[in-house]
Amino acid sequence: MLLKMHLVSGRAYSGLLGRQGSVATCLRRGNSLIKPPLCRNVSLSSQRCTIMSSWIIDKYGRNDVLRFTKNMTFPILQFPNEVVIKVHAASLNPIDVNMRNGYGKAALNMKRDPLNLKSRGSEFPVTLGRDVSGVIMECGLDVAYFKPGDEVWAAIPPWKQGTLSEFVVASGNEISHKPKSLSHIEAASLPYVGLTAWSAMNQIGRLNQHNCTGKRILIFGASGGVGTFAIQLMKAWGGHVTAVCSSDASALVKKLGADDVIDYKSGDVAEQLKMLPLFDFILDNIGGSTENWSLNFLKKWSGATYVTLITPFLLNVDRLGVADGMLQTGVTVGTKAIKHLCKGIHYRWAFFTPSGPSLDEIAELVDSGKIQPVVEQVFSFFDVPKAFLKLEEGHARGKTVIRVTNK
Ligand SMILES: NC(=O)c1ccc[n+]([C@@H]2O[C@H](COP(=O)([O-])OP(=O)(O)OC[C@H]3O[C@@H](n4cnc5c(N)ncnc54)[C@H](OP(=O)(O)O)[C@@H]3O)[C@@H](O)[C@H]2O)c1
């Protein structure tokens, strides 16, 4: 599985010789554990640190399964294209709460390192947290695009150990130089939601800076992490944005650039949308019944696309097992796509996709002032359980960030 991911990532890296070289070497060496020495420069793992502080879970459940430990094994480089990052800040996403509860465990275990799973007898201890902004401490021998001391940001895929930890390992394909204009706290708020919006709107939805001007974009769930990023991305590319959120978030989404705001709490959203022209693109961060009626507000037979982030893929695999779960998922999405295609609409599912090159593009938009972080609340590393409770309450207005180091 890891090998497959490198293959996919490898395609995305044409032109980045350093990163591409890493991919090639990994492929030659196969999917087996490669023993140190893999790293150059600072050799933290082999010489000094053997343990570190992390928030981990040893079983799935409610918030009391979160456990702070000072004895987590220091991460080692398993592939020559990996780096160790000292985590300065992390942030939370709904997937962290869901994973804490056990959501997606079947599919994620399928992607987790089989050697680690076998030696431990289970996936535990699992470290949650996907976003990181920090400093590279150690680089694998094939990492040419980054060096120790570089400030980087990344979103680590959910089948890897997460960022609620002093140090985390990431592949060179997943990281990017942190935007210079942002602090670590600000930077940690963007990678996971930014890459999810990028995947949904650019990779799946085919929107980009050249074809967005004047396009009418409708965003459900506009006030959360993904929504606040998506509004700004669409405005940066010249789109016309209608944001659906609750009334108290109206000022926030307008400040981020939304042209029209629909308050879903003050009346029927469909009735309010009838007053507006039809749309070219819908990003659905809410799911549920929204997809039963919202596609009626897309322009038909003109390439208009509905993309939802709320899919049953991981739940299906949890419930039905890998083979049946994937089959069920394929049938569901295929049936819906064909049904809507017959009505002149493209229907798609999108997923978070780790990607250093996409983060490079996002960093440019950030440093040019077109995208700003929306940090709702910052928690200290010792208050991680409080941050999870805050996330579980819902009603996010941007992102919840964890300050991992005080530097
Ligand atoms: N497929 C993937 O790979 C992927 C990746 C990332 C996220 N997601 C999913 O996408 C969703 C959004 O993620 P996120 O990080 O943006 O979550 P979030 O930060 O928790 O934001 C959700 C936002 O939606 C608002 N909301 C709730 N009900 C609404 C409604 N009926 N109409 C309009 N707005 C509503 C919430 O505020 P109020 O309740 O106050 O209105 C909140 O601001 C989550 O369900 C997440 O699990 C999927």
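Residues numbered from 1 in each chain as written. Predicted model: local features only at pLDDT ≥ 70, side-chain atom pairs only at ≥ 80, totals over all residues. Heavy atoms only, no water.

> An account of the pattern of salt bridges is needed here, citing residue identities and associated values.
One pass over the full model with this rule turns up 13 salt bridges. Its salt-bridge partner being glutamate 174, residue lysine 160 comes within 2.7 Å of it at the nearest N-O pair. Here the residue lysine 160 occupies a position in the loop between strand 6 (151–155) and strand 7 (167–171), and glutamate 174 occupies one in the loop between strand 7 and strand 8 (175–177), the gap between them amounting to 14 residues. Each member of the pair lysine 160 and glutamate 174 is classed as buried. Salt-bridge contacts for lysine 274 lead to glutamate 271; the nearest nitrogen and oxygen are separated by 2.9 Å. We classify lysine 274 as exposed; its relative accessible area is 56%. What makes glutamate 271 partly exposed here is its relative accessible area of 41%. (Salt bridge = Lys/Arg side-chain N within 4 Å of Asp/Glu carboxyl O. Helix = DSSP H or I, 4+ residues; strand = E, 2+ residues; numbered from the N terminus. Buried < 20%, exposed > 50% of the residue type's maximum accessible area, 1.4 Å probe, protein only.)

> Help me get a handle on the packing of aromatic side chains, residues and values and all.
For any two aromatic rings, the description comes down to two numbers: the centre-to-centre distance and the angle of the planes. Under the counting rule described, the total for this entry stands at 13 aromatic pairs. On the numbers, 5.0 Å between centres and 85° between planes, the contact of tyrosine 145 with phenylalanine 146 is edge-to-face. Tyrosine 145 sits in the partly exposed class, given a relative accessible area of 30%. The class for phenylalanine 146 is buried, based on a relative accessible area of 2%. Judged by centre distance (6.2 Å) and plane angle (85°), the rings of tryptophan 293 and phenylalanine 297 are edge-to-face. Tryptophan 293 gets classed as partly exposed once you look at its relative accessible area, which sits at 24%. (Phe/Tyr/Trp six-rings, centres within 6.5 Å; stacked < 30°, edge-to-face > 60°.)

> I'd like a rundown of the site of the ligand, residues and numbers included.
If you check the shell around the ligand, you find 21 residues, and the closest are Ser223, Tyr264, Phe352, His395 and Ala396. Within the backbone of valine 226, an N or O atom sits 2.8 Å from an oxygen atom of the ligand. The side chain of arginine 397 places a nitrogen or oxygen atom 2.8 Å from an oxygen atom of the ligand. When the ligand is considered free in solution it has 910 Å² of accessible area, and contact with the protein chains removes 80% of it. When contributions to the shell around the ligand are tallied by element, the ones reaching two or more residues are helix 8 (191–204) and helix 9 (225–236). Partitioned by chemical class, the residues of the shell around the ligand number 12 nonpolar, 8 polar and 1 charged. Two domains each provide a minimum of three residues to the shell around the ligand, namely domain 1 (2–190 + 388–403) and domain 2 (192–349). (Near = heavy atom within 4 Å. Polar contact = N/O pair within 3.5 Å; in protein donor to acceptor, adjacent residues only side chain to side chain. Areas by Shrake-Rupley, 256 points an atom, 1.4 Å probe, with all protein chains shown as cover. Nonpolar A, V, L, I, M, F, W, Y, C, P; charged D, E, K, R; others polar. Domains from an automatic or database assignment.)

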